[in-house]
Amino acid sequence: MKKNMSLADRIIRLILSAIMVSLYVTNIVSGTLGIILLVLASVFTLTSLISFCPLYAILGISTCPVKKEN
C-alpha cells in the first residue's frame, strides 16, 4: 500500500478518534450512535497508524507530500 495521508491528516484523525471515544466513555453519546462512533473511531485510528485511507485511494485523493526526485 502506498501512503496517501499526510502527518496533519493523521493527527486530525487521531484527535477526532480520541474525542469520539471520550464521548462514548463519558456516556454523552450512547446506544446505536455511540457504537457507530466507536467503529468510526477505530477506523480513523487504524488508517492513521498505517497512513493509508482506502476511501482516498478510491477517490484518487492524496494528502501525502510529493517527494522530489533528484
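Everything below is about the structure printed above this text.
Since this is a predicted model, take the numbers as computed values, not measurements.

Let us now look at a nonpolar patch on the surface. Together, Leu7, Ile11, Ile12, Ile15, Leu16 and Ile19 line one region of the surface with nonpolar side chains, adding up to about 550 Å² of accessible area. Topologically, Ile12 is positioned in helix α1 (residues 7–25).

Another aspect to go through is the state of the cysteines. Enumeration according to the criterion identifies zero disulfides in this entry. Just so you know, Cys53 is unpaired, no disulfide at all, and the nearest cysteine sulfur is the one on Cys64, 13 Å from it. Residue Cys53 is classed as buried on the basis of its relative accessible area of 5%.

This brings us to the environment of Val29. Locating Val29 in the fold gives a position in the loop between α1 and α2 (31–50). Residues contacting Val29, with those up to four places away along its chain left out, are Leu23, Tyr24, Gly34 and Leu37.

Moving on, we come to the side chain of Ser17. As for its position among the elements, Ser17 is in helix α1. One polar contact links Ser17 to Thr45, side chain to side chain, over a distance of 2.7 Å. Those residues within four positions of Ser17 in sequence are excluded, and the remaining contacts are Ala41, Phe44 and Thr45.

Quick notes on the rules
Residues numbered from 1 in each chain as written. Predicted model: local features only at pLDDT ≥ 70, side-chain atom pairs only at ≥ 80, totals over all residues. Heavy atoms only, no water. Patch = residues over 30% accessible without salt bridge, like charges linked within 9 Å, V, L, I, M, F, W, Y side chains within 5 Å. Areas by Shrake-Rupley, 256 points an atom, 1.4 Å probe, with all protein chains shown as cover. Salt bridge = Lys/Arg side-chain N within 4 Å of Asp/Glu carboxyl O. Helix = DSSP H or I, 4+ residues; strand = E, 2+ residues; numbered from the N terminus. Disulfide = S-S within 2.5 Å. Buried < 20%, exposed > 50% of the residue type's maximum accessible area, 1.4 Å probe, protein only. Contact = heavy atoms within 4.5 Å. Polar contact = N/O pair within 3.5 Å; in protein donor to acceptor, adjacent residues only side chain to side chain.

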